[in-house]
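# Remarks on the overall topology
What follows is the residue order along each chain.
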Amino acid sequence: MHIGHQQLYLGIDGGGSKCKAVIVDAEMQCLGEGIAGAANPFHSVDNAQQSIVDAALLALADAGLEQSQINQLIAGVGLAGVNIPKYFDLMNAWQHPFKEMHLATDLHIACLGAHNGDNGAIMICGTGSVGYVSCNGDSLIVGGHGFPQGDTCSGAWLGLQAVQKVLLAADDLGAQTTLTKRIYRALGCLDSNDLVSCLSGQGATYYARLAIHVFDAADEGDLVAQQILAQASNYFTAVFNKLMAKEPARISLIGGLQVRLKDWLATDIFSQFSEPMQAPEIGAVLFARQQSK
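In this text the structure is predicted, and so the values were computed from the model without any measurement. (Residues numbered from 1 in each chain as written. Predicted model: local features only at pLDDT ≥ 70, side-chain atom pairs only at ≥ 80, totals over all residues. Heavy atoms only, no water.)

## Comments concerning helix H3 (residues 106–114)
Among the nine residues of H3, eight are classified as buried, and the element is accordingly described as predominantly covered. By the burial criterion, the buried members of H3 are Leu 107, His 108, Ile 109, Ala 110, Cys 111, Leu 112, Gly 113 and Ala 114. Of the residues one or two after H3, Asn 116 is the one with positive phi, at around 55°. (Buried < 20%, exposed > 50% of the residue type's maximum accessible area, 1.4 Å probe, protein only. Helix = DSSP H or I, 4+ residues; strand = E, 2+ residues; numbered from the N terminus.)

## Some remarks on the sheet that holds strand E9 (residues 251–254)
Strands sit in the order E8-E7-E6-E9 across an open sheet of four strands; the sheet is mixed. Each end of this open sheet is capped by a strand with a single partner; those strands are strand E8 (138–143) and E9. With direction set aside, neighbouring strand axes in the sheet form an average angle of 10°. Where strand E6 (residues 120–125) and E9 come together, four bridges link them in parallel fashion. Counted as the bridge partner of Ala 121 is Ile 251 from E9. This element, H3, spans E6, strand E7 (129–135), E8 and E9 of the sheet and lies at about 115° to E6. (Pairing = 2+ DSSP bridges. Axes fitted to C-alpha atoms, helices over the stretch in contact; angles between N-to-C directions. Contact = heavy atoms within 4.5 Å.)

## Some thoughts on the pattern of salt bridges
As enumerated under the stated definition, the model contains five salt bridges in all. Taking the shortest distance from any N to any O, the salt bridge between Asp 138 and Lys 246 comes out at 3.1 Å. Here Asp 138, found in strand E8, pairs with Lys 246, found in the loop between helix H9 (223–244) and E9; they are 108 residues apart in sequence, far enough to count as distant. According to the relative accessible area criterion, Lys 246 is partly exposed, its value standing at 33%. Note that Arg 260 is salt-bridged to Asp 216, the shortest N-O span being 2.9 Å. A residue pair is termed long-range when its members are at least 10 positions apart, and Arg 260 in helix H10 (residues 258–261) and Asp 216 in helix H8 (residues 211–219) qualify at 44 residues. (Salt bridge = Lys/Arg side-chain N within 4 Å of Asp/Glu carboxyl O.)

Here it is in structure tokens:
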């Protein structure tokens, strides 16, 4: 592929499960994409660095470019975990292979992408949950403390709440619920002992698989499931209000739960969300372009 002398940009969105890369030209036209493994330095700095390089090389190949051209890229790198100063410093000190690297949190690039480079706010409700706002030269993170100690209203949290209610019902210490049959069937369990065995050592992604059963049970009138979602909605509303107190021009909802969550949110809240304008990896490119000027 002939690209002349125009500058190429690399956008990286790296998290706990995957690292996505995109290469764009000076006119923001996408040339290639690549996806590699986990890139959260909180879990492993070495793995994060390797995943970034792997994703970048895959994007170069997808664009029909040579691997050696990695040193011509101006990279915007948004990563989970670098909100912790220690890991930001470790990643920022990396002897990376790029022409330039500009590091930010995954939240900041997601926010830039959602609002096409402008200030605004986002709420993420997927496997985890967090709120973020950047405006008037200030930024604020609300939540995002991880599972199981935080991430209320996330898929993992909903799954954990479901199994806790099922186990209480099994001991006749809580209300009976149709979640019992749903969770047992989903995990191939016969009783509470099987359930405990299945859950042993499992993390957020495993629990998040069970979130859909909370929504389905609630839709069919299960009071226990409805109470879980009411608690989630109250938390969501509190985070929303805290973000909106900063008076962002726009706010977007991101994550796999947004379609199911909307039925449990007050209409006047859900109506204030605007569709994200760009993906987080494009937000990383926008960040790189801002920083390299």
